[in-house]
Amino acid sequence: RITVYERADFEGLSREFTCDVPDLHELDFGNCIASLKVVGQPWIAYTDPKYEGEPHVFEEGEYPSVERPNSFSALRLVHHELGDPQITLYERPNFQGAFKVVTEETNLAYGYFNDRVASHVVQRGVWLLYQHPGRGGWHCLAWPGERLADYKPELNFQARLSHLRPLQPGRPLVSARLLWEQKRVEAEREVLVDEIEGLNETESEQVLAASSSREYSTTLWQSFHFSNATSLKAGLAFTLTVEASNIFTVQKGRSESSTRRERVEVQLPAKIPPRTALSIQVLRKEVTLSVPVLLTITQNEAVRTEMGEYRSVSGTNICARYSLKPLPAAGKEQAATKGTEPASGAQREL
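Rules behind the numbers
- Residues numbered from 1 in each chain as written.
- Predicted model: local features only at pLDDT ≥ 70, side-chain atom pairs only at ≥ 80, totals over all residues.
- Heavy atoms only, no water.
- Helix = DSSP H or I, 4+ residues; strand = E, 2+ residues; numbered from the N terminus.
- Rg over C-alpha atoms; globule rule 2.2 N^0.38 Å.
- Buried < 20%, exposed > 50% of the residue type's maximum accessible area, 1.4 Å probe, protein only.
- Contact = heavy atoms within 4.5 Å.
- Areas by Shrake-Rupley, 256 points an atom, 1.4 Å probe, with all protein chains shown as cover.
- Lys, Arg positive; Asp, Glu negative; His and termini not counted.
- Charge placed at Lys NZ, Arg CZ, Asp CG, Glu CD.
- Pairing = 2+ DSSP bridges.
- Polar contact = N/O pair within 3.5 Å; in protein donor to acceptor, adjacent residues only side chain to side chain.
- Domains from an automatic or database assignment.
- UniProt positions renumbered as here; feature names shortened; annotations may be inferred.
- Axes fitted to C-alpha atoms, helices over the stretch in contact; angles between N-to-C directions.
- Phe/Tyr/Trp six-rings, centres within 6.5 Å; stacked < 30°, edge-to-face > 60°.
- Salt bridge = Lys/Arg side-chain N within 4 Å of Asp/Glu carboxyl O.

A. Broad picture of the overall build of the protein chain. Across its full length, the protein chain holds two helices and 26 strands. Taken against the 2.2 N^0.38 rule, which gives 20 Å for 350 residues, the C-alpha radius of gyration of the protein chain at 35 Å runs more than 25% over that of a compact globule. Expressed along its principal axes, the backbone C-alpha trace of the protein chain runs to roughly 120 × 50 × 35 Å. Residues classed as buried in the protein chain amount to 41% of the 350 residues present. A separation threshold of at least 6 residues defines the contact pool for the protein chain, and within that pool the share at least 24 residues apart is 73%. When the accessible area of the protein chain is evaluated, it comes to approximately 19,300 Å², of which 47% is carbon and sulfur surface. Side-chain charges of the protein chain comprise 39 positive and 46 negative groups, with the mean position of each set lying 4 Å from the other.

Structural data, given as structure tokens:
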């Protein structure tokens, strides 16, 4: 879409368009655009209605001012596929003589083909052709499938091309869905993070010297891996909703991993029964998990899918496991030292 404003810095009256506008005057917005914003595919603004006059290209981004304010009369959305551009330049008319295949922005002044082009064939993409190096001077557009046999009568541009570049596609929209039904638990283990002992040798219940609750640190490491065949370029960002409280942001080209640390409170037994030994183990359960991710990519009205993988090592589940072990009754210590087995204690997990 394109949003146009009647004043610089996105001020004044505005209009938003999502399809071609052959004549802005019919919508009461002709010859008044001073700034604009583009989301997605490029737009071309023309100085005359019905896509005539001088074209000005605006790729995705924000333009607080435009080169020719108050001069645009038509807007055209570029619908063409722009991801794999290619144009062939010929030294002579009718696609004769030496030729050069170009697939990216090129300053011909740095090579042997400067001011030598007389015809071209556009295989893919939309191209801007400039008269001077550094995107300077008069310029024109070349469209996919275009076969321009002679620059002189059609453009008055023969032997004047010095710079060219393909239009850049807008950023695709990416939605990500975790395929939980295909998840794999790769490893599970329990890690001892704390151990507390309490001993009550009296005949009455005693309060545990330790606090009845403690805080412990938890960690969640998570990462995203793109498939080897991904077409997504660096800088693209999207989110993975792992759960309501965990929305993981992925930006291709940066570190596609993160570590979250939180603190949780664990309740502990508050009292020790008479003549009992209390043993408390605080454990963190760590689970290594991998989940396939379906990426749905929408660009220029085309939809495609790719696969990725979400991985996590979760250490957020902390519990206290404790056991109570009776002490020998008073006067029976001697018997215990001679091999008397105490009754097995109960084990409990909070």
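From this point, things continue past the structure.
B. Representation of the pairing of strand 5 (residues 52-58) in the model. Both strand 4 (residues 43-48) and strand 5 contribute to a ladder of five bridges, which runs antiparallel. Residue pairing for strand 5: W43 is matched across the bridge by F58.

C. Examining the side chain of Q222 more closely. Within the secondary structure, Q222 sits in strand 19 (residues 213-226). A distance of 3.1 Å separates the side chain of Q222 from the side chain of N246, its partner in a polar contact. Among the polar contacts made by the side chain of Q222, one reaches the side chain of Y310 at a distance of 2.6 Å. The residues contacting Q222, other than those within four sequence positions of it, are V242, N246, F248, E256, S257, S258, R260, Y310, R311 and S312.

D. Up close: the sheet that holds strand 8 (residues 86-92). Pairing within the open sheet is antiparallel, and its four strands lie in the order 9-8-11-14. The strands lining the two open edges of the sheet, one partner per strand, are strand 9 (96-102) and strand 14 (147-148).

E. Layout of the environment of V101. Relative to the helices and strands, V101 is located in strand 9. Separated by 21 residues in sequence, V101 and V122 have C-alpha atoms that sit 9.8 Å apart.

F. Fine view of the domain arrangement of the protein chain. Each assigned domain of the protein chain is listed here: domain 1 (2-77), domain 2 (86-166) and domain 3 (173-326). Each of domain 1 and domain 3 has a C-alpha centre, and the two are 50 Å apart.

G. Seen up close, the UniProt feature "domain: Beta/gamma crystallin 'Greek key'" (unreviewed entry) in the protein chain. As annotated in UniProt, the feature "domain: Beta/gamma crystallin 'Greek key'" (unreviewed entry) corresponds to residues 1-40 and 41-79 in the numbering used here. Its end C-alpha atoms 7 Å apart, residues 1-40 is made of 0% helix and 42% strand. Split by type, residues 41-79 is 0% helix and 51% strand. Its first and last C-alpha atoms lie 7 Å apart.

H. Spatial organisation of the sheet that holds strand 1 (residues 2-7). Spatial strand order, 2-1-3-6: four strands in an open sheet with antiparallel pairing. Each having just a single partner strand, strand 2 (11-17) and strand 6 (61-63) make up the two edges of the open sheet. When the angles between neighbouring strand axes are averaged without regard to direction, this sheet yields 15 degrees. Here strand 1 runs beside strand 2; their pairing, made up of five bridges, is antiparallel. By the bridge assignment for strand 2, T3 is matched with E16.

I. Spatial organisation of the packing of aromatic side chains. Counted by the stated rule, this structure contains 12 aromatic pairs. Ring geometry for F224 against F226: centres 5.0 Å apart, planes inclined by 75 degrees, an arrangement best described as edge-to-face. Both residues of the pair, F224 and F226, belong to the buried class. Judged by centre distance (6.1 Å) and plane angle (85 degrees), the ring pair of F226 and F238 falls under edge-to-face.

J. The arrangement of the pattern of salt bridges in detail. Across all of its chains, the model carries 20 salt bridges by this definition. Across the salt bridge formed by R68 and E54, the nearest N and O atoms sit 2.8 Å from each other. Here R68 is found in the loop between strand 6 and strand 7 (74-77), whereas its partner E54 is found in strand 5, with 14 residues between them in sequence. Linking E205 and K271 is a salt bridge whose minimum nitrogen-to-oxygen distance equals 3.9 Å. Here K271 lies in strand 23 (residues 271-272) and E205 lies in the loop between strand 17 (184-200) and strand 18 (206-207), a separation of 66 residues in the sequence. Judged by its relative accessible area of 49%, E205 falls in the partly exposed class.

K. Unusual backbone geometry, seen in detail. Notably, A159 is not glycine yet its phi reads approximately 55 degrees, a positive angle. Positionally, A159 belongs in the loop between helix 1 (151-155) and strand 15 (163-166). The backbone of R275 shows a phi angle near 45 degrees, a positive value even though the residue is not glycine. Within the element layout of this structure, R275 appears in the loop between strand 23 and strand 24 (276-299).

L. Quick look at the environment of R177. Relative to the helices and strands, R177 resides in strand 16 (residues 173-178). Given a relative accessible area of 48%, R177 falls into the partly exposed group. Considered as a pair, R177 and T239 are 62 residues apart in the sequence and their alpha carbons are 9.7 Å apart. Those residues in contact with R177 that lie beyond four places of it in its chain are P292, V293 and L294.

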